[in-house]
Amino acid sequence: MLTLNGERFTAGQSRFRDQAPGALEPTAKIFVQVEFVNIEMTILAQIDTGAAYSMLEAEVAEALDILDGEGHVVTVDTRIATIRGRLERVPITLVADEGESLDIEALFFVSRDWTGKTFLGYTGLLEHIRIALDPPVNLFYFGQPR
Amino acid sequence: MNPLLGTLNDHPLTLPEFNLSPSRPVSLQRELGKEPSAKEEAGPNTISTSILRFPYLSYLHTLLEQGRIREAHALFEFAKNLIPQDAKIRDALAPPRMKASTKKGADRSAEYRWLDLNSARFRGKWVALLGESLAASSDSLKELLDQLGSMQFTGKPLVHHID
C-alpha cells in the first residue's frame, strides 16, 4: 500500500518491465501485466499516459469477440495512421504482485486496422484510477480513488 | 472557470447568445450551472432555449475524436439529460465500474528470461509461456488459444506477441 499524507493512496503494486521482452525495438517503456475476463492468459500492456485512448491489439480484440462490437465510432490519429474504430468497454484486471489487484471496465479503442500493441491510455482508464511509479526499482502502484 | 464555457464558445455552431460579452447582462455561468432538462419550458429567445437546441451529441463526438476529454466529460455532465438514453456515447463517457480483486500476479522473471533468450527464433509468433517453458506458439492468437484450451495449467500463461 502506498500512502500520501498519512492516507492510503494506492492499494496494489506490481513490478513493471521497462523494455518489451525480446523486442527489436529497444527503447524504454513501461509494461504491466493485464488479465482479461473469459480468457485464461496474462498479457503485457504498455502504460501510455500520452495516449488519448487505450488501444487493444486487434487479435486480442478478436479473441475477446469485440472486434465487431457496437461501441461509439470514432476516428483516432495514431503514430501509424488515422484509423476508424469503436470505443468498447472491456473488463480487465490490473494484476498486483502485492496488495489488491484492480478489476476495471476500461474503455478501449478497438479496430481491425490497429496493427500495434495493447496500450493503457488516459481516457476511460488512467483518468479514473490512481497510479504512481518508482522507476529505480521498477514498481508500479495503482488503485481506485477513495 | 467552468471549462464548459470555453467548450461551448469554441463550437462553430455556437449561437450568438452563447458568446459571453461584457455588454451582455445575462450570466451564462449561472445558466450553465443548471443542468438542462428536455421538459424545461423556456421562451423562444432565451438562453435556455438555445441550450436545449445545442447539438450536444455531435459536439461530444467531435470532442472525443479530438481527445478533448475533460471538455467532453464536462459537457456530458451538463447535458446528460438531453442525450438519448440509447446513445452509445453514454457508454464511452460514463465512469467505469471498478473493484478491488484478490487475484495475485505471478513473478514473470522466468518468462522474460525465456523471451530475451529465444525471441529471435519466434519473430512474428504468439507464444504462451509458463516459467521458462514454452507451452505453445502460433502465427495467430486465435490458434494459440485453441491450443491452450486443450492443456491444463497451474496459473495463467503469459501470452506474448513477439515483434
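Further up the page is the structure itself.
Criteria and cut-off values
Per chain, residues are indexed from 1 in the order of the written sequence. All chains are assigned letters beginning with A, and all ligands numbers beginning with 1, in the order in which they are written. Note on the predicted model: pLDDT of at least 70 is required for a residue's local features to be given, and 80 or more for side-chain atom pairs to be given and counted; whole-chain, interface and lining totals, by contrast, use all residues. Each helix is a run of H or I in the DSSP string that is no shorter than four residues. Each strand is a run of E no shorter than two, and both are numbered from the N terminus. Just to be clear, the radius of gyration here is over C-alpha atoms, and the globule rule we use is 2.2 Å times residues to the power 0.38. Exposure classification rests on a simple neighbour count of other C-beta atoms within 10 Å of a residue's own: a residue reaching 20 or more is buried, one at 12 or fewer is exposed, and one in between is partly exposed. C-beta atoms are placed from the backbone. Note on contacts: each residue gets a C-beta atom placed from the backbone, and two residues are in contact if those atoms are within 7 Å. Residue classes follow a fixed rule: Ala, Val, Leu, Ile, Met, Phe, Trp, Tyr, Cys and Pro count as nonpolar, while Asp, Glu, Lys and Arg count as charged, and any other residue, Gly among them, counts as polar. Between any two strands, pairing holds if DSSP finds at least two bridges. The arc in question is formed by the directions pointing from the helix axis toward the C-beta atoms. All axes are obtained by fitting lines to C-alpha atoms, using only the stretch in contact for helices, and the reported angles, taken between N-to-C directions, cover 0 to 180 degrees. Every angle not falling under 35 degrees, over 145, or within 65 to 115 is termed oblique; those three ranges are roughly parallel, roughly antiparallel and roughly perpendicular. By definition, turning the near helix anticlockwise from the far helix through less than a right angle yields a left-handed crossing, and turning it clockwise yields a right-handed one.

When its secondary structure is counted, chain A shows 1 helix and 13 strands. Along chain A, from the amino end to the carboxyl end, the secondary structure elements read β-β-β-β-β-β-α-β-β-β-β-β-β-β. Radius of gyration (C-alpha) of chain A: 15 Å, near the 15 Å computed for a compact globule of 146 residues. Principal-axis analysis of the C-alpha atoms gives chain A an extent of 45 × 35 × 30 Å. Out of the 146 residues belonging to chain A, those deemed buried represent 49%. In chain A, once contacts between residues fewer than 6 apart in sequence are set aside, the share between residues at least 24 apart is 60%.

The next subject is the environment of A:Ala63. Mapped onto the fold, A:Ala63 is located in helix 1 (residues 58–63). The exposure class assigned to A:Ala63 is buried, which follows from the 21 C-beta atoms found within 10 Å. Between the C-alpha atoms of A:Ala63 and A:Ala23, which are 40 residues apart in sequence, the distance is 23 Å. Residues within four places of A:Ala63 in sequence aside, it is in contact with A:Ile39, B:Leu141, B:Lys142 and B:Leu145.

Taken residue by residue, the interface counts 47 residues in chain A and 37 residues in chain B. Broken down by element, the residue count for the side of chain A that touches chain B peaks at 7 residues, all from strand 10 (residues 101–110) of chain A. Among the residues forming the side of chain A that touches chain B, the class breakdown is 20 nonpolar, 13 polar and 14 charged. When strand 10 of chain A meets strand 1 (residues 98–101) of chain B, the two strands line up antiparallel, connected through 4 bridges. In the strand pairing of strand 1 of chain B, A:Ser101 is matched with B:Ser101.

What follows concerns the sheet that holds strand 3 (residues 12–15) of chain A. Residue and element names in this part refer to chain A. Strand order across the open sheet formed by 4 strands is 9-3-13-12, with antiparallel pairing between neighbours. In this open sheet, the two edge strands, each paired with only one partner strand, are strand 9 (98–99) and strand 12 (130–134). Both strand 3 and strand 13 (residues 139–143) contribute to a ladder of 4 bridges, which runs antiparallel. For Gln13, the partnering residue across the bridge sits in strand 13 and is Tyr141.

The bulk of non-glycine residues show a negative phi, and the bulk of peptide bonds are trans. All names here are of chain A. Positive phi, close to 75°, is recorded for Asn38, a residue that is not glycine. Asn38 gets classed as exposed once you count the C-beta atoms within 10 Å, which come to 8. Phi is positive for Asp65, close to 65°, though the residue is something other than glycine. On the secondary structure map, Asp65 appears in the loop between helix 1 and strand 7 (72–77). Classification of Asp65 by C-beta neighbours within 10 Å gives exposed; the count is 10.

To continue, consider helix 5 (residues 69–79) of chain B. Each turn of an α-helix holds 3.6 residues, which means side chains three or four residues apart point in the same direction. Where helix 5 of chain B is concerned, the buried positions are B:Glu71, B:Ala72, B:Ala74, B:Leu75, B:Phe78 and B:Ala79. Seen from one end, helix 5 of chain B has its buried residues packed into an arc of 165°, which puts them on one side.

Residue and element names in this part refer to chain B. For the pair helix 4 (residues 56–65) and helix 5, interaxial distance at closest approach is 9 Å and the crossing angle is 160°. As the angle between them shows, helix 4 and helix 5 are arranged roughly antiparallel. As for how helix 4 packs across helix 5, the hand of that crossing is left-handed. For the pair helix 4 and helix 5, the contacting residues are Tyr56, Tyr59, Leu60, Leu63 and Leu64 in the first and Glu71, Ala72, Leu75, Phe76 and Ala79 in the second. Residues of the contact of helix 4 with helix 5, tallied by class, amount to 9 nonpolar, no polar and 1 charged.

Shape is all these values report; function is a separate question.
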